[in-house]
Amino acid sequence: CPFYSSAVAGVCERTLIAVKPDGVQRKLVGEIIKRFEQRGFTLVGLKLLQASEGILAEHYHDLRRKPFYPALLRYMASGPVVAMVWEGHNVVRTSRAMVGDTDSSQAKPGTIRGDFSVHISRNVIHASDSVEVAEREISLWFHSGELISWETSDQSHLYQV
Ligand code: GDP
Ligand code: MG
């Protein structure tokens, strides 16, 4: 946690963001990282990986009975994924707003899905949908040793500390 976390509630929050295989293939990794950096969030974990069936089955456990589930797992295993952990005030809610509607055809322009995708089956990015889910997803995708807590030099310009 940043040192000012006692002064500003909620800055300790973390979320799991993943650029899905379509986003990686379409060279959107840099653009997506840029948006989170520019918003003011701090990158605390980052890796490129080929997701195993085990991690994907766990990640999408709640959707296992949906008709699109087998295709979803094939899609998510079709190439490398960039998994990231971002930290900052209210990052779970804010990043869901930055990502936009699950259905890309409904996602507003200005959101990541609304700017870079057209169909729900290839919606470019994952973002945790609650603080509790974020904690579970972060521990699924990252070992604790892969996450770095660090003080960024812009903190007094992002928060009243
Ligand atoms: P998210 O939290 O916005 O990613 O949405 P959900 O947790 O509801 O669903 C997880 C992922 O499953 C979505 O991001 C899509 O990749 C996929 N998905 C959800 N609903 C559908 C659907 O109706 N059709 C297809 N093809 N994929 C879906
Ligand atoms: Mg979800």
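What comes next concerns the included structure.

Rules used in this analysis
- Residues numbered from 1 in each chain as written.
- Chains lettered and ligands numbered in written order.
- Predicted model: local features only at pLDDT ≥ 70, side-chain atom pairs only at ≥ 80, totals over all residues.
- Heavy atoms only, no water.
- Near = heavy atom within 4 Å.
- Polar contact = N/O pair within 3.5 Å; in protein donor to acceptor, adjacent residues only side chain to side chain.
- Areas by Shrake-Rupley, 256 points an atom, 1.4 Å probe, with all protein chains shown as cover.
- Nonpolar A, V, L, I, M, F, W, Y, C, P; charged D, E, K, R; others polar.
- Buried < 20%, exposed > 50% of the residue type's maximum accessible area, 1.4 Å probe, protein only.
- Helix = DSSP H or I, 4+ residues; strand = E, 2+ residues; numbered from the N terminus.
- Arc of directions from axis to C-beta.
- Contact = heavy atoms within 4.5 Å.
- Phe/Tyr/Trp six-rings, centres within 6.5 Å; stacked < 30°, edge-to-face > 60°.
- Lys NZ or Arg CZ within 6 Å of the ring centre and 35° of its normal.
- Pairing = 2+ DSSP bridges.
- Axes fitted to C-alpha atoms, helices over the stretch in contact; angles between N-to-C directions.
- Salt bridge = Lys/Arg side-chain N within 4 Å of Asp/Glu carboxyl O.

### Quick word on the site of ligand 1
Around ligand 1 sit Lys20, Tyr60, Leu63, Phe68, Leu72, Arg96, Thr102, Arg113, Ile120, Ser121 and Asn123, and those are all the residues in its vicinity. Threonine 102 is positioned such that a nitrogen or oxygen atom in its side chain is 2.4 Å from an oxygen atom of ligand 1. Isolated, ligand 1 exposes 550 Å² of accessible area, and the fraction of that covered by the protein chains is 75%. A per-class count over the shell around ligand 1 returns five nonpolar, three polar and three charged.

### Some words on helix α2 (residues 29-39)
Along α2, the positions that sit buried rather than exposed are Ile32, Ile33, Arg35 and Phe36. The buried side chains of α2 occupy one side of the element, clustering within an arc of 155 degrees when seen end-on. Residues of α2 that are exposed and angled more than 90 degrees away from the buried face: Glu37 and Gln38. Check the buried side of α2 and you find it contacts β1 (14-19), β2 (42-49), β3 (81-87), α5 (91-99), α6 (112-116) and β4 (125-127). At the C-terminal side of α2, glycine 40 shows a positive phi close to 120 degrees.

### Overview of the packing of aromatic side chains
Across all of its chains, the model carries one aromatic pair by this definition. Looking at lysine 47, its charged tip hangs above the ring of phenylalanine 142, at a distance of 4.7 Å from the centre. It is arginine 122 that lies over the ring of tyrosine 75; its NZ or CZ is 4.6 Å from the centre.

### Considerations on the sheet that holds β4
Pairing within the open sheet is antiparallel, and its four strands lie in the order β2-β3-β1-β4. Of all the strands in the sheet, just β2 and β4 have a single pairing partner and so form its edges. Adjacent strand axes in the sheet meet at a mean angle of 15 degrees, parallel and antiparallel pairs treated alike. Docked against the sheet, α2 engages β1, β2, β3 and β4, running at close to 5 degrees with respect to β3.

### Here's the deal with the pattern of salt bridges
Throughout the structure, instances matching the rule amount to five salt bridges. With its nearest N and O atoms 2.8 Å apart, the salt bridge here joins glutamate 87 to arginine 14. Of this pair, glutamate 87 sits in strand β3 while arginine 14 sits in strand β1, placing them 73 residues apart in sequence. The buried category is assigned to glutamate 87, whose relative accessible area is 4%. A salt bridge links lysine 34 to glutamate 31; its shortest N-O distance comes to 3.8 Å. One end of the pair, lysine 34, and the other, glutamate 31, are both in helix α2, three residues apart, so they sit about a helical turn from each other. Lysine 34 sits in the partly exposed class, given a relative accessible area of 36%. Overall, glutamate 31 belongs to the partly exposed group, its relative accessible area being 25%. If you follow the salt bridges from partner to partner, you end up with Glu31, Lys34, Arg35 and Asp115 in one network.

By themselves, these figures tell us nothing about what the structure is for.
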